[in-house]
Structure formats: C-alpha cells, structure tokens
Amino acid sequence: MKIIGLTGGIASGKSTVSAYLQEKGASIIDADAIAHELLAPGKPLYEAYRQHFGDKILLSDGQLDRRVIGKLVFSDPAEREWIDATAHPLIQHEICQRVRQYQAEKKSLIVLDVPLLFESGWDKMAEKVCLVYAEEKIQQERLMKRNGYGREEAAARIAAQMPLEEKKKRADCLIDNSGSLPSTLRQVDRLWKEWTHDGVS
Ligand code: ADP
C-alpha cells in the first residue's frame, strides 16, 4: 500500500486532480470533507465553534455560517490559531482511522487530499507528496471565477498561503495545472503509472 499526499494552493486544481485519481481507483481521504463532517450540528467541532464564537456564526437553521467563519478567521490570526489547534487533532484522528480502514481492506493506493498538507505536518504520513499548482495569474482568475471574489480578495487569499516556491521545494512531484484540463490529466496518468507499477505495494 502506498500513501500519496496531494496538496495545492487555493484554486490550484487539487480537487480536480483528486476527483480524477478517485476515478482511476485511488482511495481518497479528503481532509476538507472530514472537517465539514465534523462541523455538522451536534458533531464535536460544531460544538467547539459554537462555544467559542457564539451564535453569531449560526444560520437560522442552526448550521454554521461558513462564510462568516471564513471572514472572522481570515481577519484575525489569533482566531486562525484557535481553529487550527482545535480542529487539527480531531481531523488527524479521523484521517488515521480511515488509513487503518483502507489498510485493512488492502487498498493499494491511498491519496491524502489536504489543502494545507505541509502546514499541518501531515505530509509526514505520506510516502510521496504531490503538488498541484497553476501560475499565479491563472490561479487568481480561477479563484475569482469560482468563489466570486474581487481581484484584491483573491490576491490576498493567495498571499496568505505558503509561497508556491516553498511548496515546490518540499514536494516530490509536481502537476502543472496552468494549462488545459487534458494536459493536466495526462500528467496524472504518468504519475499513476509510476505509483502503481514501481513494485511498491
Ligand atoms: P482547488 O481544489 O485546488 O481549490 P479546483 O480543483 O476546485 O481547485 O479548481 C479551481 C477552479 O478552477 C475550479 O472552478 C475548476 O473547475 C477550475 N479549473 C481547474 N483546473 C482547470 C483547468 N486546467 N482549466 C480550466 N479550469 C480549471
């Protein structure tokens, strides 16, 4: 069994690559999806957020208002730290459980899909780390289009992350998603061959 860490900056194309890897047969562990599950009403992270931030972060139906939380966290580094310290162990616990489950099921390739893989330290769980990136101008355009951000907000979100050059240095393999989707998927096909035919099981 092989564990590949998959990461990328915001709107770099990581989810696109992850979905394709799943289609090809990889078992995906999606850290964002786990965080979302833990934030459902009644779940541990939901209760922690509610106690910490108060009811101002709730929508009228009791769900968390993720946009409000995003803004709070983005504008206040102390809140960011609090969220990281609270969410990190809960998400890590869930990731480890899923890895054990896939190991028991004898899955051959597990992909740890984590936006902040290096920042969280979970890259150490992976045998190889793969970085999806796009040239910054393209990344910014895609982010504006996908999230409805203005140019400044998109630039600020990108600037708040670990610089791309630093991530490139730490990654074992790179997927350049600056071009067309087929050109990206061809790069994934090549890596898939490498990962599944190199004798490591
Ligand atoms: P991430 O998961 O890294 O945030 P996504 O996979 O959601 O990024 O991609 C960001 C946006 O860019 C999405 O709207 C996606 O459809 C689009 N996108 C991704 N790759 C390409 C590509 N090669 N060409 C054009 N649009 C793309």
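In this text, all values refer to a predicted model and were calculated from it rather than measured experimentally. (Residues numbered from 1 in each chain as written. Predicted model: local features only at pLDDT ≥ 70, side-chain atom pairs only at ≥ 80, totals over all residues. Heavy atoms only, no water.)

K.L.:
Lay out the overall build of the protein chain with the relevant residues and their values.
P.N.:
When its secondary structure is counted, the protein chain shows 10 helices and 5 strands. Overall, the protein chain is about 55 × 40 × 30 Å in size when its C-alpha atoms are taken along their principal axes. The buried share among the 201 residues of the protein chain stands at 41%. At a minimum sequence separation of 6, the contacts of the protein chain that also span at least 24 residues come to 70%. (Helix = DSSP H or I, 4+ residues; strand = E, 2+ residues; numbered from the N terminus. Buried < 20%, exposed > 50% of the residue type's maximum accessible area, 1.4 Å probe, protein only. Contact = heavy atoms within 4.5 Å.)

K.L.:
Give me the lowdown on the packing of helix 7 (residues 136-147) against helix 8 (residues 151-159), citing residues and values where you can.
P.N.:
Direction vectors running N to C along helix 7 and helix 8 enclose 120 degrees, while the axes themselves pass 9 Å from each other. Judged by the inter-axis angle, helix 7 sits oblique to helix 8. You can see that helix 7 and helix 8 cross each other, and the crossing is right-handed. Residue-level inspection shows E136, Q139, Q140, E141, L143 and M144 of helix 7 in contact with helix 8, the latter providing R151, A154, A155, R157 and I158. (Axes fitted to C-alpha atoms, helices over the stretch in contact; angles between N-to-C directions. Parallel < 35°, antiparallel > 145°, perpendicular 65-115°, else oblique. Left-handed = near helix turned anticlockwise from the far one by under 90°.)

K.L.:
Can you explain unusual backbone geometry? Please cite residues and give values.
P.N.:
At A11, a residue that is not glycine, the phi angle is positive and equals roughly 60 degrees. When you line up the elements, A11 lands in the loop between strand 1 (2-8) and helix 1 (14-24). The exposure class of A11 is buried, given its relative accessible area of 12%. Although it is not a glycine, K106 sits at a positive phi angle of roughly 60 degrees. Residue placement: K106 occurs in the loop between helix 5 (77-104) and strand 3 (109-113). Given the relative accessible area of 74%, K106 is considered exposed.

K.L.:
So, the layout of surface pockets: which residues are in play, and what are the values?
P.N.:
The computed volume of the second largest pocket comes to approximately 180 Å³. Forming the boundary of the second largest pocket are 14 residues, of which Q139, I158, M162, P163 and L164 lie nearest the centre. Counting only elements with at least two residues in the lining of the second largest pocket, the list comes to strand 4 (128-133), helix 7, helix 8 and helix 9 (164-170). (1 Å grid on protein atoms, 1.4 Å probe; cavity = no way out; pocket = protein on both sides within 12 Å on 5 of 7 lines; lining within 4 Å. Points joined across faces, edges and corners; volume = space filled by probe spheres on them.)

K.L.:
Before we move on, can you summarise the nonpolar core with the specific residues and values?
P.N.:
I29, Y49, L64, I69, I91, I95 and W122 are the most contacted members of the largest nonpolar core, which has 33 residues in total. Elements supplying a minimum of two residues to this core: helix 2 (31-38), helix 3 (44-53), helix 4 (66-75), helix 5, strand 3, helix 6 (117-120) and strand 4. The greatest single-element share of this core, amounting to 6 residues, is contributed by helix 5. Setting aside anything within four residues of it in sequence, one finds W122 in contact with A31, H88, I91, Q92, I95, L112, V114 and L117. With 17 residues, the next largest nonpolar core counts Y20, L21, I28 and L191 among its residues. (Core = buried A, V, L, I, M, F, W, Y, C linked by side-chain atoms within 4.5 Å.)

K.L.:
Can you lay out the site of the ligand for me, pointing to particular residues and giving the numbers?
P.N.:
As a structural note, the neighbourhood of the ligand is formed by 14 residues, with A11, K14, S15, T16 and R146 the closest of them. Taking S12, its main chain carries an N or O atom lying 3.1 Å from an oxygen atom of the ligand. With respect to the ligand, the side chain of R142 contributes an N or O atom lying 3.1 Å from a nitrogen atom. Taken by itself the ligand offers 560 Å² of open surface, and the protein chains cover 72% of this. When residues of the shell around the ligand are traced back to their parent elements, those giving at least two are helix 1 and helix 7. (Near = heavy atom within 4 Å. Polar contact = N/O pair within 3.5 Å; in protein donor to acceptor, adjacent residues only side chain to side chain. Areas by Shrake-Rupley, 256 points an atom, 1.4 Å probe, with all protein chains shown as cover.)

None of the figures reported here should be taken as evidence of function without further support.
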